[in-house]
Amino acid sequence: MSGKDSLYRIDYLLVAAVVATALIGVLMIYSGGFDPIDKLNSGMYKKQILWLIIGFVLMIAITFISYQQLGYYSIYIYAVTLVLLMIPTFLGSPVRNTRAWLNFGLFSIQPSEFMKIALVIILAKYLELRERDMSRFREIMIPMLLTLIPVAIIMKQPDFGTAVTFFPILFVMLFVGGADVAYLMSIISIAVIALVVPMFLTYREWIGDTDNLLLRFFRDTDQIIIISAILIFIAAAVFITSYFVKHKIFRRIYLPSLVLSVGLMSSVIIQRFFIDYQKKRILVFLNPELDPQGSGYNIIQSKIAIGSGEFLGKGFLEGSQSQLGFLPEKTSDFIFSVVAEEWGFIGATVLLLLLAFIIFRGVQVALQSKDKFGALLASGIATILFIHVIINIGMVMGIMPVTGLPLVFVSYGGSNLIMSMLAVGILINIRMRKFVY
């Protein structure tokens, strides 16, 4: 494909949507960093503009490298990113209670953001190579392992919000890759068990219900580990037996045993990694009024900001919650609340439509791709963007726990912005080359 042909085949609508969304983010960061008393700005928007330029250059640059090359070097991309992820986790200094940042002096990066793309690339390549065998149970073990390794490291930082995003990526890519629906439902069941148990324990402890029999059972993590070990042994024994004696009954035994075992073990891991502020986030999600001056404050102020914007908004730099300092993390986690307060329902809808169009283009690229690797790659990227939007919007509206997950293209932060623009560059790359195959 010649350079001239490449320029004609760039998805200019997608590029325009990404740039427009990112510029809205710059405006909102300017607003969030503005001091209405001193009439000064923190200057955060200048850094965001610099990251936007870098991200835009990288987005365009990656379109000139065939996405197939990403597949050829997928194991190296994954390994290098994993090493970068481990460095701050085990050697870095805490920033906001997490060791997630790799500091280079003048700037720092968050490797966990780029780990999402690295995981998508290696999963896409593996699932392409094993396409004909994906109906077999053993074929989902490698993708699960490739996902759990970075998840375990990110949980160690600890960054629960980022870790959670890896599981929907795995699920969607396994689905597109042709995995058995029963196995996919098993993954969902594991996630539900792993998350519900810690939430149940945290809530019951908060209300002082310490005599509950079920509570005492789940609090005994050593007992749960023993039960999980027994279940995994049963699952392994029955699975091996199924190779020699073909019968559907064996699948009905080893699959539930495995799900219960991994789910319970994961719940123990999450319990031990959970720290106080994360537990409080779960509680205030269930009921923000439990701690209105503490962990529930963010959600309460966010809802006030969104509601006060009404239909047309209060105007740029006129939001009372954001400008008077009531709304915390207004340039990052809760930036959508600033949009809704200053631009109202109309402005928030425009922003959501832009984000929806970007995600829709990702799904469209996946459906129109001429090869399995491209379809898997695009579906994984679309999932990354979708999960960020859904969790962040749900978080600021109080229908999801506060996880600290940024709103792609909009929230302040170089790592997430550059990762998101690289992801869009790969989508453009796949769409451009669909005419070649």
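Everything that follows concerns the structure shown earlier in this document.
Every value quoted in this text rests on a predicted model; they were computed, and no experiment measured them.

A. Molecular detail of the packing of helix α7 (residues 141–156) against helix α9 (residues 166–177). Packing of α7 against α9 leaves a shortest axis separation of 10 Å and a crossing angle of 170 degrees. Between α7 and α9, the crossing angle belongs to the class labelled roughly antiparallel. The residues of α9 that touch α7, namely those facing P143, M144, T147, L148, P150, V151 and I154, are F166, F167, L170 and L174. Class assignment of the residues belonging to the contact of α7 with α9 gives a composition of ten nonpolar, one polar and no charged.

B. How the structure looks around the pattern of salt bridges. Summed over the entire model, instances satisfying the criterion amount to six salt bridges. Linking R431 and D11 is a salt bridge whose minimum nitrogen-to-oxygen distance equals 3.7 Å. Of this pair, R431 sits in helix α19 (residues 414–432) while D11 sits in the loop between α1 (3–9) and α2 (12–32), placing them 420 residues apart in sequence. Relative accessible area serves as the criterion here: at 3%, D11 is assigned to the buried category. The salt bridge partner of E139 is R130, with a shortest N-O separation of 2.9 Å. Overall, the relative accessible area of 4% leaves E139 in the buried class. On the basis of relative accessible area, R130 is assigned to the partly exposed category, the value being 31%. Within the structure, one salt-bridge network assembled from shared partners comprises D11, R361 and R431.

C. Quick peek at the packing of α2 against helix α3 (residues 44–62). Direction vectors running N to C along α2 and α3 enclose 165 degrees, while the axes themselves pass 9 Å from each other. With respect to α3, the element α2 is oriented roughly antiparallel. Between α2 and α3 the crossing geometry is right-handed. Residue-level inspection shows V15, V18, V19, A22, L23, V26, I29 and Y30 of α2 in contact with α3, the latter providing M44, Y45, Q48, I49, L52, F56 and M59. Considering only residue class, the contact of α2 with α3 consists of 14 nonpolar, one polar and no charged.

Conventions we followed
Residues numbered from 1 in each chain as written. Predicted model: local features only at pLDDT ≥ 70, side-chain atom pairs only at ≥ 80, totals over all residues. Heavy atoms only, no water. Axes fitted to C-alpha atoms, helices over the stretch in contact; angles between N-to-C directions. Helix = DSSP H or I, 4+ residues; strand = E, 2+ residues; numbered from the N terminus. Parallel < 35°, antiparallel > 145°, perpendicular 65-115°, else oblique. Contact = heavy atoms within 4.5 Å. Nonpolar A, V, L, I, M, F, W, Y, C, P; charged D, E, K, R; others polar. Salt bridge = Lys/Arg side-chain N within 4 Å of Asp/Glu carboxyl O. Buried < 20%, exposed > 50% of the residue type's maximum accessible area, 1.4 Å probe, protein only. Left-handed = near helix turned anticlockwise from the far one by under 90°.

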